[in-house]
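Coordinate inspection notes
Each chain, letter by letter, is given below.
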Amino acid sequence: MSEQALQQAEYARQRKRQLKKATKMTLLYGVLILVAIIMLYPILWLIGASFKSNADIFSSVWFMPKEFDFTPYIQGWKTGTEYTMGHYFLNTFKIVIPKVIFVVISVTLTAYGFARFNFPGKKLFFSLVIATLLLPNIILRIPSYMMWKTFGMLDTYAPLVLPSLFATDVFFVFMLIQFFRGIPKDLDESAKIDGCNSLQTLIFILMPVLKPAIISCALFTFMWTMNDFMGPLIFISSVEKYPLTIALKMSMDATGGAFDWNKIIAMSLVGLLPSIVVFFSAQRYFIEGISTSGIKG
Amino acid sequence: MKKTRKASFSKDRYIGLLYIAPWLIGFLVFTLYPIVASFYLSFTEYDLLSAPTWVGLQNFKELFKDKEFIKALTVTAKYVIFEVPLKLAFSLFIAFILNMNLKGINFFRTAYYIPSILGSNVAIAILWKFIFSTDGLVNQVLGVLHMNPISWFGQANPAMFTIILLRVWEFGSTMVIFLAALKEVPGELYEAAEVDGSSKLRNFFTITLPMITPVLFFNFVMQLVHAFQEFNAPYLVTNGGPMKGTYLLPMLIYDNTFKYYNMGYASAMSWILFIIIMAFTMITFRSSKYWVFYNDNGGEE
């Protein structure tokens, strides 16, 4: 009798534990799913809205359009300025592509120098890198503008692209130094014994190991430059040279009246497309890159 | 052996310098020079057309009497006070849940990360305007819940709320950094605590939080520096309105620079903002020895 009671009690305890675990799991997943909905539903709703008629956009919470109408996209592509979205896309890429190349080269060389060599003033220079990392850029803006004005390079892409040739994107320098530290120095030593000079060591031995980190740098540069608004806003003044971000803002202001919402939403979504494609085709580089940079901060 | 190493070291002494040379030039031209120039400009009156004229401390004196500046400063403070802790707390909370070895983590991690990748895009700011417009998604949801619609951009506080929410919505990258840190916390610590009968909630405060303070510190400083310089969200979503309720200091600086060409005055403002940011960063750094726990005895980094 007592044994049976004991067994029953044990059984009840077990049930209780299972129940508690199940409730906990439900609760956790509940939170995760709720947050995911809050995070993603606005995007979904907007995608739906881009196919809706203007009247339908603001009449329903449900994201699915009653029927798919592609005219917002056709109209959006024409923008309403004298250029199509294709033109602005091209402008954006004229900034993004050189910038990515410049960042990768200059940042890799600088990080290599800091991570693998001793030289006079190294400590001071490294602390300057860290200081620049924390420096509010806002302080640099007015003199930079004046400097490019003196060079006669306002309304060109030079102010947006050229500084990257000089490793001004210190965030990546810092990130790559962290990665370099994770590579055993034996690798350099044996390359040296094999007769590599330091540049050959970097290119043939270290860069292949660093590839994921370098790809992270390139991808982040791509995203941030695609998104950059302040830079072109300050330096680019002729419509012909506007990148997509400024063109979007301009069409929003131009059609800011009471209609054409679906067109602007469609344009915005098309504008996001390259970033979305790049993100999904390389998401592990984003997440790994950013994790490593933070860990040793 | 030692001798030869030393010899080769001195021969290589300048190779490193050669590698960092691009950065050094960049630093001098695109960082150091602008800082010095902006410091000088803050003591001048300058409209880009004629040469700057020295006015001493006048810009700074005017600033402290300038109601628009004081207002922008207050609004910026309000933004930072809410945005930074909210974003950090939310990122940490979600990272904590994601760290629990649940199934399907990768899906959620990606889902949460997407907004932070797209978030700074102009397109998202435009879309945000639609979501919070009078008949936008949020008010429609409120309608479904039988609540009164809110005029989000009609009053200062709701407008401020929308831009704070936009930035909190982009919590993905902060979260990923937290998540990486949480994974580094040794599991034995929790096992030991469990033996002692410590609750999960207590573990969070006695084990998890102390162990990740270096990363918390990193995230806090980064978010602080960013928040004080926020420009895109108010510029694109609320345009500083209504009644300058979201007119953050960087917007005021921008307008003074590129609309009114008060270069000297705007430089003085940037310097005040710069000093405020630096002060907060310094306080955080100084205080870090009391609350940041380094596992490996610090280190130079």
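Residues numbered from 1 in each chain as written. Chains lettered and ligands numbered in written order. Predicted model: local features only at pLDDT ≥ 70, side-chain atom pairs only at ≥ 80, totals over all residues.

Under an unreviewed UniProt entry, chain B has the name Sugar ABC transporter permease and belongs to Sporanaerobium hydrogeniformans.

**Focus: the overall build of chain B**
Short version of the rule: Here a helix means four or more residues in a row that DSSP labels H or I, a strand means two or more in a row labelled E, and each is numbered from the N terminus. Each radius of gyration reported is based on C-alpha atoms, and the globular scaling rule is 2.2 Å times the count of residues to the power 0.38. Exposed residues have 12 or fewer other C-beta atoms within 10 Å of their own C-beta, buried residues have 20 or more, and partly exposed residues fall in between, where C-beta atoms are placed from the backbone.
Regarding its fold elements, chain B presents 15 helices and two strands. The C-alpha atoms of chain B give 24 Å as radius of gyration, which overshoots the globular expectation for 301 residues (19 Å, by more than 25%). If one aligns the C-alpha atoms of chain B with their principal axes, the spans along those axes are about 80 × 70 × 35 Å. When each of the 301 residues of chain B is scored for burial, the buried share is 40%.

**Focus on helix α8 (residues 170-181) of chain A**
Residue and element names in this part refer to chain A. Short version of the rule: An expected span of 1.5 Å times one less than the residue number is assigned to each helix.
For α8, which comprises 12 residues, the first-to-last C-alpha distance of 17 Å matches the rise-based estimate of 16 Å (1.5 Å per residue) to within 8%. Buried residues dominate α8, accounting for nine of its 12 residues. Taken residue by residue, α8 has Val170, Phe172, Val173, Phe174, Met175, Leu176, Ile177, Phe179 and Phe180 as its buried positions.

**Focus: the nonpolar core**
We apply this condition: Working definition: the nonpolar core is a set of buried Ala, Val, Leu, Ile, Met, Phe, Trp, Tyr and Cys residues, joined through C-beta atoms within 7 Å. A domain assignment, automatic or from a database, supplies the domain bounds used here. Any residue pair is listed as a contact if its two C-beta atoms, each placed from the backbone, are within 7 Å.
Ranked by size, the top nonpolar core spans 146 residues in total, and within it Val173(A), Leu176(A) and Cys217(A) carry the most contacts. Taken domain by domain, the makeup of this core includes at least three residues from each of domain 1 (2-49) and domain 2 (74-295) of chain A. If near-sequence neighbours (up to four positions away) are discounted, Val173(A) is found in contact with Val107(A), Thr110(A), Ala111(A), Val129(A), Ala167(A) and Trp23(B).

**Section: the interface of chain A and chain B**
Here is the rule: Polar here means any residue other than Ala, Val, Leu, Ile, Met, Phe, Trp, Tyr, Cys and Pro, which are nonpolar, and Asp, Glu, Lys and Arg, which are charged; Gly is therefore polar.
Taken together, the 68 residues of chain A in the interface contact 77 residues of chain B. Looking at the side of chain A that touches chain B element by element, the count peaks at 10 residues for helix α1 (residues 2-49) of chain A. Of the residues assigned to the side of chain A that touches chain B, the class counts are 47 nonpolar, 18 polar and three charged.

**Section: the domain arrangement of chain A**
As assigned here, chain A comprises domain 1 (2-49) and domain 2 (74-295). Domain 1 of chain A and domain 2 of chain A are separated by 42 Å when their C-alpha centres are compared.

**A look at the environment of Lys249(A)**
Residue position: Lys249(A) is located in helix α12 (residues 244-254). Taking the number of C-beta atoms within 10 Å as the measure of exposure, Lys249(A) has 20 and is therefore buried. The spatial distance from the C-alpha of Lys249(A) to the C-alpha of Ile264(A) is 9.6 Å, given a sequence separation of 15 residues. Apart from the residues within four sequence positions on either side, Lys249(A) is in contact with Val122(B) and Leu236(B).

**Examining the packing of helix α4 (residues 67-98) of chain B against helix α8 (residues 156-169) of chain B**
Residues and elements named next belong to chain B. Heads up, the condition is: All axes are obtained by fitting lines to C-alpha atoms, using only the stretch in contact for helices, and the reported angles, taken between N-to-C directions, cover 0 to 180 degrees. Take the far helix as your reference; a near helix turned counterclockwise from it by less than a right angle gives a left-handed crossing, and one turned clockwise gives a right-handed crossing.
Where α4 contacts α8, the axes come no closer than 9 Å and their chain directions differ by 35 degrees. Seen along the crossing, α4 lies across α8 with a hand that is right-handed. Where α4 abuts α8, its residues Lys78, Tyr79, Phe82, Glu83, Leu86, Lys87 and Phe90 lie against Met160, Ile164, Arg167 and Val168.

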